[in-house]
2 protein chains.
Amino acid sequence: MSPEEANSLAQGVLAGERLALARALTQVENDTPAGRLILSETFPHTGRAHRIGVTGSPGTGKSSLVNLLARHFRQPPAGQAPRRVAVVAVDPSSPFTGGAILGDRIRMRDLTGDPGVFIRSMATRGSLGGLASATAGVVQLFDAAGFDVVLIETVGAGQAEVDIARLAHTTLVVEAPGLGDDIQAIKAGILEIADVLVINKADHPGVDGTERALRSMLEMAHPVRHEMHHHGQIETLHAYAAAPDPNAPLWIPPVLRTIATEGMGMPELMAAIARHKDYLQQSGDWQRRERFRLQAELDTLLQEALVARWRETVSAGVYQQAVDDLLRRKVSPHQAVSQLIGPA
Amino acid sequence: MSPEEANSLAQGVLAGERLALARALTQVENDTPAGRLILSETFPHTGRAHRIGVTGSPGTGKSSLVNLLARHFRQPPAGQAPRRVAVVAVDPSSPFTGGAILGDRIRMRDLTGDPGVFIRSMATRGSLGGLASATAGVVQLFDAAGFDVVLIETVGAGQAEVDIARLAHTTLVVEAPGLGDDIQAIKAGILEIADVLVINKADHPGVDGTERALRSMLEMAHPVRHEMHHHGQIETLHAYAAAPDPNAPLWIPPVLRTIATEGMGMPELMAAIARHKDYLQQSGDWQRRERFRLQAELDTLLQEALVARWRETVSAGVYQQAVDDLLRRKVSPHQAVSQLIGPA
């Protein structure tokens, strides 16, 4: 695709043209030069959408919940304007188990045909790191295209989900009764990123026990609840600058019960989401999360660029020789680095 | 700790001194300068240990299985020499749920007191990336200290486990009947790294269904089974050089049933592990995995060093200005990179 075509797609995205958006999404997902150009050109027009992450294990009914959330944003109570909604469904599990999410999409049929809704499913292509970065690009495009709300749906439990949840302003963690105590342990990391906890399928047996378990885990998680974790090699590059204001309002993640199939609990959930958005804006957390997210994106790009530039200065033969020397234990990894880029 | 003390600890590790090893492990876990020095000094003496990864969800009984594997390596059938065994138990879940692994450790009491066994539990400290790198260092120390077998136990399902499993020559994936089909989907990514599949608690109901599910998932996974995934920013730095020999023997991951609490299936499991080690050595995969692992380690260190050196050339103020410009949408992330490190 020529830069002129990419530019024309970017203009189409900004004008809210559906076909241009679909084509631009494909370029961004595949990380093409045109996709990167489109991201750069649309970037100045971003920062308005409310990004809502929805994560949870398979079996919690989180896809039905996302479906219902989208409908509620489209058909709000009297006196409120309908919001334009994009849904990004991400399945970071293996390519050969991509079936589940396609099945989920079928449930969203009643939303398609509504021009105020756009649904995009993303499956793993190559690395998990690549998926998180492609998802970030897709969310940015929806933001630039003027969607008021972007729902980012992920399967819970892994680091990829945490990375993707980091894109969100508001993160909903969906649980369901009866998935077993064993599984709760795995999910502990997810709790740290929860702004709202939803117990879906609340008519299933064991709901009281699930709520008790969640509340006690939340209490334990309290000290680290609002800390933003930023991992990876570059994490110490520059510490997160703005310290939270001790007088700022505090957000205690509510625990809500829903039955998505019957719409039970949805008004309360919508209200909690609206309250969290208000909280973010009043406390300064919206701005802090934006800064944190953009800084993380910048750090990743810097890291890639620094490695790419170094690559141009070294021949494959010299690099392979270093790996050979490592294998023969002639040098240690730190010594190999010194040989390749000079002493520190 | 002075470089002299670090050097003395390194010598103690190489001499197999238990106290020196314990102190060196602490330095390596905390990524201190002394720890890095110890890793460099002991590196030439590594490459002999058989690294066996054992991963699976909570509730599969994998800790009991690891316990039993250690005992079988210590007390082999007549005619075989006992092996020195190190156990590295890694729990990448949240810090505030570190209790489970401590409980598991109690079950290993019968192994402690045996000088041929060394057990080390690692919990998350800071980032997941840091945990994988600390684990790599700990495994290297055990290797240098002359342990014949290093068992690396992780809780299954996340990217961190996959990163840690990548340290192993042989990876056992442990399942149990009755953990639910929903959970199977999450584990699909783990199957790709399995060299041996173990269905523990094989006396529980549903074992036939679990075995059927695993075998059918294995068949689907077949095309990517032996591909080594190397993700992250640096993945395209240098492609993995040696193509697999089409005439080399092929490894089909066996599916075995065990009841760890009764020792049922252990001789078969030990035999499968021995067969896999033979396969690795005969096929050239042992060497290939070593090369792949060392190259990944080198790439990570290179990336860190390049970023650290760039950091020294830029003031915090200039960097923060770039982040501010991003927040105000005055520049795009790619433009900010060009401003910071010059045009590509």
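Here the residue numbers are simple positions, counted from 1 along each chain's written sequence. The order in which chains are written sets their letters, starting at A; the order in which ligands are written sets their numbers, starting at 1. Given that this is a predicted model, residues contribute local features only at a pLDDT of at least 70 and side-chain atom pairs are listed and counted only at 80 or more, while totals for whole chains, interfaces and linings are drawn from all residues.

To continue, consider the overall build of chain A. Numbered from the N terminus, helices here are DSSP runs of H or I no shorter than four residues, and strands are runs of E no shorter than two. Summing up its helical and strand segments, chain A has 13 helices and seven strands in all. Field definition: a residue is buried when 20 or more other C-beta atoms are found within 10 Å of its C-beta, exposed when 12 or fewer are, and partly exposed for counts in between, with C-beta atoms placed from the backbone. The buried share of chain A, reckoned over its 344 residues, is 46%.

To continue, consider the domain arrangement of chain A. Residues and elements named next belong to chain A. By domain assignment, chain A separates into domain 1 (1-43), domain 2 (46-226 + 241-289) and domain 3 (314-341). With 13 residues of domain 1 at the contact, the number on the domain 2 side is twelve residues. Of all the secondary-structure elements, those providing two or more residues to the side of domain 1 that touches domain 2 are α1 (3-14), α2 (18-29) and α3 (33-42). Looking at the side of domain 1 that touches domain 2 element by element, the count peaks at five residues for α2. Three classes are used: nonpolar for Ala, Val, Leu, Ile, Met, Phe, Trp, Tyr, Cys and Pro, charged for Asp, Glu, Lys and Arg, and polar for all others, with Gly counted as polar. Split into classes, the residues belonging to the side of domain 1 that touches domain 2 amount to eight nonpolar, three polar and two charged. What marks off one domain from the next here is an automatic or database domain assignment. Residue pairs qualify as contacts under a 7 Å threshold applied to their C-beta atoms, which are placed from the backbone.

This next bit is on unusual backbone geometry. All names here are of chain A. For Lys201, which is not glycine, the phi dihedral falls at a positive 55°. Take Lys201: there are 25 C-beta atoms within 10 Å of it, and that puts it in the buried class. Phi at Arg329 is positive, roughly 60°, even though this residue is not glycine. Inspection of the secondary structure puts Arg329 in the loop between α12 (316-327) and α13 (333-341). Its 13 C-beta neighbours within 10 Å are what place Arg329 among the partly exposed residues.

Let's shift gears to the nonpolar core. Generally speaking, soluble globular proteins have nonpolar side chains that are buried together. Connectivity within a nonpolar core runs through C-beta atoms within 7 Å, and the core itself is a set of buried Ala, Val, Leu, Ile, Met, Phe, Trp, Tyr and Cys residues. Of all hydrophobic cores here, the largest spans 67 residues; its most connected members are Ile38(B), Val88(B), Leu141(B), Phe142(B), Val150(B), Leu151(B) and Ile152(B). Per element, the largest residue contribution to this core is nine residues, and it comes from helix α6 (residues 128-144) of chain B. For this core, the two domains that each supply at least three residues are domain 1 (1-44) and domain 2 (46-226 + 246-288) of chain B. Setting aside chain neighbours within four positions, we find Leu151(B) in contact with Ile52(B), Val54(B), Val66(B), Leu69(B), Ala70(B), Val85(B) and Val87(B). Membership of the second largest hydrophobic core comes to 66 residues, among which are Val28(A), Leu167(A), Leu214(A) and Ala260(A).

Turning to the packing of helix α11 (residues 285-311) of chain A against helix α13 (residues 333-341) of chain B, a few remarks are in order. Axes, fitted as lines to C-alpha atoms, cover a helix only where it is in contact. Angles between the N-to-C directions of the axes lie from 0 to 180 degrees. Here α11(A) crosses α13(B) at 55°, and the two axes come no closer than 9 Å. By the angle class used here, α11(A) and α13(B) are oblique. The two elements α11(A) and α13(B) meet at a crossing, and its hand is right-handed. Together, Glu297(A), Leu298(A), Leu301(A), Leu302(A), Ala305(A) and Leu306(A) of α11(A) and Pro333(B), His334(B), Ala336(B), Val337(B), Leu340(B) and Ile341(B) of α13(B) make up the contact between the two elements. In terms of residue class, the contact of α11(A) with α13(B) is built from ten nonpolar, one polar and one charged. For classification purposes, an angle smaller than 35 degrees is called roughly parallel, one larger than 145 roughly antiparallel, one from 65 to 115 roughly perpendicular, and anything else oblique. Helix crossings are classified by the rotation of the near helix relative to the far one: an anticlockwise turn of less than a right angle makes the crossing left-handed, while a clockwise turn makes it right-handed.

Residues three or four positions apart in an α-helix share a direction because the helix packs 3.6 residues into each turn. Burial in α13(B) covers these residues: Pro333(B), Ala336(B) and Val337(B). Projected down its long axis, α13(B) carries its buried residues within an arc of 100°, all on one side. Against α11 of chain A together with α12 (316-327) of chain B lie the buried residues of α13(B). Within two residues after α13(B), Gly342(B) carries a phi angle of roughly 85°, on the positive side. To obtain the arc, one takes the directions from the helix axis to the C-beta atoms.

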